[in-house]
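Coordinates in review
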Amino acid sequence: MPRGVEILILKTEGSWHQIKTPDKSRGWLNNNCLLEVKENVATKNIENEWISPKASKTGVAAAIRGFAERFG
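Residues numbered from 1 in each chain as written. Predicted model: local features only at pLDDT ≥ 70, side-chain atom pairs only at ≥ 80, totals over all residues. Heavy atoms only, no water.

**Things to note about the side chain of Asn30**
By the secondary structure assignment, Asn30 is in strand S3 (residues 26-30). Residue class for Asn30 comes out buried when judged on its relative accessible area of 14%. Reaching out from Asn30, the side chain makes a polar contact with the side chain of Ser15 at a distance of 3.3 Å. A polar contact is formed between the side chain of Asn30 and the backbone nitrogen of Asn32, at a distance of 3.0 Å. Filtering out sequence-adjacent residues up to four positions away, Asn30 remains in contact with Ser15 and Trp16. (Helix = DSSP H or I, 4+ residues; strand = E, 2+ residues; numbered from the N terminus. Buried < 20%, exposed > 50% of the residue type's maximum accessible area, 1.4 Å probe, protein only. Polar contact = N/O pair within 3.5 Å; in protein donor to acceptor, adjacent residues only side chain to side chain. Contact = heavy atoms within 4.5 Å.)

**Let's talk about unusual backbone geometry**
With a phi angle near 75°, Lys24 is a residue other than glycine that sits in the positive phi range. With respect to the helices and strands, Lys24 occurs in the loop between strand S2 (16-20) and S3. The exposure class assigned to Lys24 is exposed, which follows from its relative accessible area of 60%.

**Topic: the pairing of S3**
In this sheet, S3 lies alongside S2 in antiparallel orientation, the contact comprising five bridges. Its bridge partner being in S3, Trp16 is matched across the sheet by Asn30. The loop that links S2 with its antiparallel partner S3 comprises five residues; one of these, Lys24, has a positive phi angle of about 75°. (Pairing = 2+ DSSP bridges.)

**A few points about the sheet that holds S2**
With antiparallel pairing, the three strands of this open sheet are ordered in space as S1-S2-S3. Edge positions in the open sheet fall to strand S1 (8-13) and S3, since each of these has one partner strand only. Strand-to-strand twist in this sheet, taken as the mean axis angle between neighbours without regard to direction, amounts to 30°. (Axes fitted to C-alpha atoms, helices over the stretch in contact; angles between N-to-C directions.)

**Quick word on the environment of Gln18**
On the secondary structure map, Gln18 appears in strand S2. Taking the C-alpha atoms as reference, Gln18 lies 9.0 Å from Asn30; in sequence the two are 12 residues apart. In this structure Gln18 touches Leu8, Ile9, Leu10, Lys11, Gly27 and Trp28, once residues within four positions along its chain are discounted.

**Overview of the pattern of salt bridges**
Here the structure, examined in full by the defined rule, presents two salt bridges. As a salt-bridge pair, Lys11 and Glu13 come within 3.3 Å of each other at their nearest N and O atoms. Take Lys11: its relative accessible area is 38%, and that puts it in the partly exposed class. Assessed through its relative accessible area of 45%, Glu13 is described here as partly exposed. (Salt bridge = Lys/Arg side-chain N within 4 Å of Asp/Glu carboxyl O.)

No statement about biological role is implied by the geometric values presented.
In structure tokens form, the structure reads like this:
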């Protein structure tokens, strides 16, 4: 199941949950596979601003240098 899919928990047995997805699919998931996320509008806007499949060489170099200085 892709990350971020909202599910409805129908039934719980131990650490297993019977779930239903928006497309009406049903199945079982373990607690280890679930994460409750309370969406915050401010957080959502920041996430969308910083998600990008591309990064400049300069940006990557600056990030590596920053990590090296902080954690090296």
